[in-house]
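Structural overview
The chain contents come next:
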Amino acid sequence: MYLDLFDELRLNKRLCKIVGFEVAAYWAELQSILKQVVKKKTADEHGFFTLDRGYVERETTLTVTKQLKCDEKLLTMGVIIKDPNNPNRLAIS
């Protein structure tokens, strides 16, 4: 069903105003993923986890290129840390 009440993403309206809708949607999805990372204990000893960008695209419609642009904005804000050797490994600061 297109209007499923349980398959939703919550956006921070203030964040939308500051960084734009796409970055806010991406951040909301990262928060959702982080809950599972913590629950399943899949982060390494430094807090990094591998992000499945295909999954993020399916969930948010943000292409990999757009996700990487969102990463840059969140990096400058200091809310994520990126593994310098693998752009798909992130840690939430």
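My aim in this report is to walk through the structure given alongside it, one point at a time. In this text the structure is predicted, and so the values were computed from the model without any measurement.

1. Considerations on the packing of helix α2 (residues 21–40) against helix α4 (residues 64–77)
Viewed as axis vectors pointing N to C, α2 and α4 meet at an angle of 85°, and their least axial separation amounts to 10 Å. As judged from the angle between their axes, α2 and α4 are roughly perpendicular. Of the residues in α4, those in contact with Glu22, Val23, Tyr26, Trp27 and Leu30 of α2 are Lys66, Gln67, Cys70, Asp71, Lys73 and Leu74.

2. Concerning the side chain of Asp71
Inspection of the secondary structure puts Asp71 in helix α4. Its relative accessible area of 0% is what places Asp71 among the buried residues. Within polar-contact distance, the side chain of Asp71 engages the side chain of Arg53 at 2.5 Å. Here Asp71 is in contact with Tyr26, Arg53, Ile80, Lys82, Pro87 and Leu90, once residues within four sequence places are set aside.

3. Describing the pairing of strand β2 (residues 80–83)
Sheet analysis places β2 next to strand β3 (residues 86–92), joined by 4 bridges and oriented antiparallel. If you follow Asp83 over to β3, its bridge partner there is Asn86. Linkage of β2 to β3, two consecutive antiparallel strands, is achieved through a turn of 2 residues.

Reading guide: rules and limits
- Residues numbered from 1 in each chain as written.
- Predicted model: local features only at pLDDT ≥ 70, side-chain atom pairs only at ≥ 80, totals over all residues.
- Heavy atoms only, no water.
- Axes fitted to C-alpha atoms, helices over the stretch in contact; angles between N-to-C directions.
- Helix = DSSP H or I, 4+ residues; strand = E, 2+ residues; numbered from the N terminus.
- Parallel < 35°, antiparallel > 145°, perpendicular 65-115°, else oblique.
- Contact = heavy atoms within 4.5 Å.
- Buried < 20%, exposed > 50% of the residue type's maximum accessible area, 1.4 Å probe, protein only.
- Polar contact = N/O pair within 3.5 Å; in protein donor to acceptor, adjacent residues only side chain to side chain.
- Pairing = 2+ DSSP bridges.

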